[in-house]
Amino acid sequence: MAAPVAGTGTTGVARSGGTERGAERPAGVGEGRAWAWGGIAAGVGGLLVFAAAGPLWPYTEGDLRDSALMVGKLEDSTMWAVYATQFAFTLAAFGAVLFGAGLRRRLERQCPAGSLVPMTAYLGMLLVGVMNLVGTGMGTEMFHAVLNREKIDPDTIAAGLSQLGTYGWLWTGLLLTAASLAVAAFRQGAVSRWIGVVSVLFGLGLLATALAPLQYMALFVGAPYLLAIGAAFAFGRARAEV
């Protein structure tokens, strides 16, 4: 009978340097990378939200006191900008959850057994997905409100557009994912150190938006961060590449 492979126990948990790590996949079984493209999709969705926001705010500072004046500056094409925003939120929402699920699986195989890092990283992405789904709901509401703006109270439309530009932009939950990847890189060696550096830098930006009354600015930090780490996992080397 063949001797057991060194470094593993009967529980199927691999050991590295005396530290238990998650179960390894069977030999010859590859790990797909479609999940990593979810991160890229979420990042692209975030950039599209930003690009579509311009036509939604054709106002000057002096217009902000008069909702009727604000709504009067909206054009028929504005509802299509709202639709583009809703599409982008949808792309970001499902991309974020897919990326989070794949990232959790990857980290469970590389982090020490029992580590909270994989689940925390996933929950951060789940929060991003939830807030983007909230954004799609606002998009649906405002599409019809702008389409029928002559029949609806201007105050309702102005307030709704403000919420459309806030809720789906709250990507602050991504701070959990960034912090988890930093721990995975510097304390557990589960991903490369450059991913840890990137996560610390973007994580500090996300923390700044969380502490200031500017949380919607988290989108500007989160979208490029997801593009970076999504591309890293999608195109990285085959080992715990990233």
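All values derive from a computational prediction rather than experimental measurement.

**Examining the pattern of salt bridges**
Reasoning step 1: Following the criterion strictly, the structure yields three salt bridges and no others.
Reasoning step 2: For D63, the salt bridge identified is with K73, shortest N-O distance 2.5 Å. In this pair, D63 is assigned in the loop between helix 1 (34–52) and helix 2 (67–72) and K73 in the loop between helix 2 and helix 3 (78–110), connecting sequence segments ten residues apart.
Reasoning step 3: You can call D63 buried: its relative accessible area is 5%.
Reasoning step 4: With a closest N to O distance of 2.8 Å, D76 and R149 form a salt bridge. Linking D76 in the loop between helix 2 and helix 3 with R149 in the loop between helix 4 (117–147) and helix 5 (154–164), this pair joins segments that are 73 residues apart in sequence.
Reasoning step 5: Residue class for D76 comes out exposed when judged on its relative accessible area of 57%.

**Quick word on a nonpolar patch on the surface**
Reasoning step 1: A cluster of nonpolar side chains, namely F186, V197, V200, L201, L204, L207 and L211, defines an oily patch on the protein surface of about 640 Å² accessible area.
Reasoning step 2: A per-element tally of the nonpolar patch places helix 7 (residues 193–211) first, with six residues.
Reasoning step 3: Relative to the helices and strands, L207 is located in helix 7.
Reasoning step 4: Residue class for L207 comes out partly exposed when judged on its relative accessible area of 35%.

**Examining helix 1**
Reasoning step 1: With 19 residues, helix 1 should cover 27 Å at 1.5 Å per step; its first-to-last C-alpha distance of 27 Å lies within 8% of that length.
Reasoning step 2: Considered for burial, the residues of helix 1 that qualify are W35, A36, G38, G39, I40, A42, G43, G45, G46, V49 and A52.
Reasoning step 3: Check the buried side of helix 1 and you find it contacts helix 3 and helix 8 (218–235).

**Considering the nonpolar core**
Most often, soluble globular proteins have nonpolar side chains that are buried together.
Reasoning step 1: Core analysis: the largest hydrophobic core is formed by 57 residues, its most contacted members being L107 and W171.
Reasoning step 2: Listed by contribution, the elements that provide at least two residues to this core are helix 1, helix 2, helix 3, helix 4, helix 5, helix 6 (174–186), helix 7 and helix 8.
Reasoning step 3: Residue contacts for W171: discarding those within four places in its chain leaves A42, G46, A92, V128, N132, L206, A218, L219, G222, A223 and L226.

Scoring rules and cut-offs
Residues numbered from 1 in each chain as written. Predicted model: local features only at pLDDT ≥ 70, side-chain atom pairs only at ≥ 80, totals over all residues. Heavy atoms only, no water. Salt bridge = Lys/Arg side-chain N within 4 Å of Asp/Glu carboxyl O. Helix = DSSP H or I, 4+ residues; strand = E, 2+ residues; numbered from the N terminus. Buried < 20%, exposed > 50% of the residue type's maximum accessible area, 1.4 Å probe, protein only. Patch = residues over 30% accessible without salt bridge, like charges linked within 9 Å, V, L, I, M, F, W, Y side chains within 5 Å. Areas by Shrake-Rupley, 256 points an atom, 1.4 Å probe, with all protein chains shown as cover. Expected span 1.5 Å × (residues − 1). Contact = heavy atoms within 4.5 Å. Core = buried A, V, L, I, M, F, W, Y, C linked by side-chain atoms within 4.5 Å.

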